[in-house]
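Results of the structural survey
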Amino acid sequence: MGEVIILRVKTVTFKLGLLGLGTVGTGTAQILLDPAQRHPLLQELEIHRVGVRSLDRPRALELSPSLLTTDLEAIVTDPAVEIVVEVMGGLEPARSLILQAIAHGKHVVTANKAVIARFGDEIFTAANQAGVYVLLEAAVGGGIPIIQPLKQSLGVNRIQAVTGIVNGTTNYILTRMQQEGADFGEVLAEAQRLGYAEADPTADVDGLDAADKIAILASLAFGGRIKLQDVYCEGISRITAADITYADRLGFVIKLLAVARRNDAPGTEDTLQIRVHPTLVPKEHPLASIHDVFNAILVEGDPIGQVMFFGRGAGAGPTASAVVSDILSITALLKSTGKTSGGAHPLLACSHQHYCTVAPIEDLVTRFYARFLTQDYPGVIGKLGTCFGDRDVSLESVVQIGFQNDMAEIVVVTHDVREGNFRSALDAIRTLPTIKEIPSVLRVLQH
Ligand code: HSE
């Protein structure tokens, strides 16, 4: 009898085309090339091509030069590629390449919140027609699983609200301001020097990155498409050390929150509020203790109640973890159904097509904090009170904190009021000759 030789041949079932080999692309390749002790399906994945901007750039990861190409279109049209992984960022050519990949029957995994928040409609319509999946776990919250839970694990709940700290840069800046009593400008400059903030920090500090992310989360939570222009957005650049100190005295920390909430007041049912703005968060609220670059997302649903997701919202490893989890989900599905297309799994595909109605910010009912610099004359507080009272704005507290350059500093906190009424009161207050400035107006999160 001859000896029986068992040949162990690695089964390569699924070929991936990677678009981008920057921070996230490198992290993704690192996981794929080191599958030991991870899910066994990873061993059935192969990086087939990697699209890069330049072949000559020094790289953190040594890949076979034959894998690299600058011809990104060749990847999304390559008949051998089954899953295109878009981790290049930016709007174009990322959007066009995703659409081309879909048109060529590829499934797509993307970390690109900016493209999905702006062109999700076009992309998911194309994906549904082509019968392919577009998954985006990495687009929100980096390594935090939130997209899949909203689609699947929490899918039986009627979601009332999703409230998140979804931008690490701004959370880092606000944390440092709070810890050191420093002003925004100096902390930003240091964060840039240390590489925690981008050279052009606009998308982060103006809240635009968080707006993209909450638009995506709202779409999943409430089962409809969201127009990005309906998301109200304010950044953190006007927050001062004084506001952080006063907030602290009143029992709050200031956080940049992204909020998507179903309205329930009579007459506003079936509308949503979707907004990003710095917010006074009660110190005992679970989001108050999320510091530095960490992200957290609090989901409130019926019947689950509150569930919070916490972790690193950016960085090579965490983001790549989310990217590869999407690759794994598609691979598992294709393997179990034996099909490469027909991507209509009801828990993975995007099936909604209508747009959600988002209520204007003027209709928001919330508490406010406002800081005024006024002349220190008798009757100033009375005049402020009259402007508010005349517009149905009820005050919870009015405190004269001290003086700044001979001006009295007055901090007002309201009860729940309609934002339109509050703004109208501020317009009236601005016309008072004794009011010099209204440096800060911030919303207060309910307990
Ligand atoms: N710029 C983002 C942040 C990370 O600071 O959280 C990528 O989404």
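Reading the values: rules and limits
Each chain has its residues counted from 1, following the order in which its sequence is written. Since the coordinates come from a predicted model, pLDDT governs what is reported: local features require at least 70, and pairs of side-chain atoms require 80 or more to be given and counted, while whole-chain, interface and lining totals use all residues. In computing side-chain properties, one takes all heavy atoms of the structure into account and sets aside hydrogens as well as water. Definitions used throughout: a 1 Å grid over protein atoms alone; a cavity as a set of points that fits a 1.4 Å probe which cannot get out; a pocket as an open set with protein on both sides within 12 Å along at least five of seven lines; a lining residue as one with an atom within 4 Å of a point. Grid points are joined across faces, edges and corners, and a volume is the space filled by probe spheres set on the points. Secondary structure is summarised from DSSP: a helix means a run of H or I of at least four residues, a strand means a run of E of at least two, and numbering begins at the N terminus for each. Classification used: nonpolar for Ala, Val, Leu, Ile, Met, Phe, Trp, Tyr, Cys and Pro, charged for Asp, Glu, Lys and Arg, polar for all others including Gly. Domain ranges listed in this record stem from an automatic or a database domain assignment. Type-normalised accessible area, obtained with a 1.4 Å probe on protein chains alone, sets the label of each residue: buried when under 20%, exposed when over 50%, and partly exposed for intermediate values. Between any two strands, at least two bridges found by DSSP are needed for them to pair. Handedness is read with the strands pointing away from the viewer; a crossover is right-handed when the path from the first strand over the helix to the second is clockwise. To estimate the expected span of a helix, subtract one from its residue number and multiply by 1.5 Å. Contacts are assigned to residue pairs with any non-hydrogen atoms lying within 4.5 Å of each other. In the analysis that follows, any N or O atom pair within 3.5 Å is treated as a polar contact, provided that within protein one partner can donate a hydrogen and the other can accept it, and provided that, for residues neighboring in sequence, both atoms belong to side chains. Accessible surface is computed with a 1.4 Å probe, and the buried area is the amount of it that two parts give up when combined, taken over both parts together. Any carboxyl oxygen of Asp or Glu that lies within 4 Å of a side-chain nitrogen of Lys or Arg is treated as forming a salt bridge with it. Nearness here has a simple test: a residue counts as near a molecule or strand if at least one of its heavy atoms is within 4 Å of that partner. Accessible areas in this description were obtained via Shrake-Rupley with a 1.4 Å probe; residue shielding takes into account the shown protein chains only. Being in a pocket or cavity means that more than half of the molecule's atoms lie within 2 Å of its grid points.

Take the layout of surface pockets next. Empty space within the largest pocket amounts to approximately 1200 Å³. Looking at the largest pocket, it is lined by 42 residues, and the ones nearest its centre are Val24, Lys113, Glu198, Asp209 and Ala314. Ranked by residues supplied to the lining of the largest pocket, first place goes to helix H9 (residues 208–222) with four residues. For the lining of the largest pocket, the per-class residue count stands at 17 nonpolar, 16 polar and nine charged. Both domains that furnish three or more residues to the lining of the largest pocket are identified here as domain 1 (14–143 + 317–337) and domain 2 (147–311).

Attention now moves to empty space enclosed by the protein. Scanning the model with the defined rule gives one cavity of 30 Å³ or more in all. As for the largest cavity, its lining consists of Phe124, Ala127, Asn128, Val132, Tyr133, Val134, Leu348, Ala349 and Cys350. Counting residues per element, the lining of the largest cavity draws most heavily on helix H4 (residues 113–130), at three residues. Of the residues that constitute the lining of the largest cavity, the class distribution is eight nonpolar, one polar and no charged.

A separate point is the pairing of strand E5 (residues 107–110). By the alternation rule, side chains of E5 split into His107 and Val109 and Val108 and Thr110, which are all buried. Strand direction decides the pairing type here: strand E4 (residues 83–86) and E5, joined by four bridges, are parallel. Counterpart to glutamate 86 in the pairing with E5 is threonine 110. With two bridges connecting them, E5 and strand E6 (residues 134–135) associate as parallel partners. The residue of E6 that forms the bridge with valine 109 is leucine 135. In this region the chain leaves E5, passes through H4 and returns to the parallel neighbour E6; the handedness of that crossover is right-handed.

Spanning 13 residues, helix H6 (residues 168–180) covers 18 Å between terminal C-alpha atoms, matching the ideal 18 Å at 1.5 Å per step. Among the 13 residues that make up H6, 10 are buried, leaving the element largely enclosed by the rest of the structure. Listed in full, the buried residues belonging to H6 are Gly168, Thr169, Thr170, Asn171, Tyr172, Ile173, Leu174, Thr175, Arg176 and Met177. Packed against the buried residues of H6 are strand E7 (158–165), helix H7 (184–193), helix H8 (202–205), helix H10 (241–250), strand E9 (252–262) and strand E11 (294–302). The N-capping residue of H6, defined by a side-chain oxygen 3.3 Å from the backbone nitrogen of threonine 169, is asparagine 167.

Most of E7 sits inside the fold, with six of its eight residues counted as buried. Here E7 pairs with E11 via seven bridges, running antiparallel. Bridging across to E11, alanine 161 finds its partner in glutamate 300. Alignment of E7 against E9, held across four bridges, turns out to be antiparallel. Bridge pairing in E9 places glycine 164 opposite alanine 258.

On to the domain arrangement of the protein. Many authors give the size of an interface as the accessible area that is lost as the parts come together. Assigned domains within the protein: domain 1 (14–143 + 317–337), domain 2 (147–311) and domain 3 (362–444). Its C-alpha centre places domain 1 at a distance of 27 Å from the equivalent point of domain 2. Regarding the contact of domain 1 and domain 2, the summed buried area is about 1200 Å², with carbon and sulfur atoms giving 62% of it. Remark: the boundary between domain 1 and domain 2 carries three salt bridges. Arginine 225 is paired through a salt bridge with aspartate 121; the nearest N and O atoms lie 2.5 Å apart. Here domain 1 is connected to domain 2 by six residue pairs in polar contact (both at pLDDT 80 or more). In terms of residues, the side of domain 1 that touches domain 2 owes the most to one element, H4, which gives eight residues. Residues that form the side of domain 1 that touches domain 2 fall into these classes: eight nonpolar, two polar and four charged.

Moving on, we come to the site of the ligand. Around the ligand lies a shell formed by Lys113, Asn167, Gly168, Thr169, Asp204, Asp209, Lys213 and Ala314. Between the ligand and aspartate 204, the relevant distance is 2.9 Å, taken from a nitrogen atom to a side-chain nitrogen or oxygen of the residue. Contact with the protein chains covers 80% of the free accessible surface of the ligand, which is 260 Å². With respect to the pocket detection grid, the ligand is positioned in the largest pocket. Sorting the residues of the shell around the ligand by element identifies H6 and H9 as the ones contributing at least two each. Across the shell around the ligand, the residue classes tally to one nonpolar, three polar and four charged.

So, about the environment of arginine 423. By the element assignment, arginine 423 lies in helix H13 (residues 419–430). By relative accessible area, which is 29% here, arginine 423 ends up partly exposed. When the C-alpha positions of arginine 423 and proline 346 are compared, they lie 44 Å apart, and in sequence the two are 77 residues distant. When near neighbours in sequence (up to four residues on either side) are disregarded, arginine 423 contacts Tyr232, Ile361, Glu362 and Arg443.

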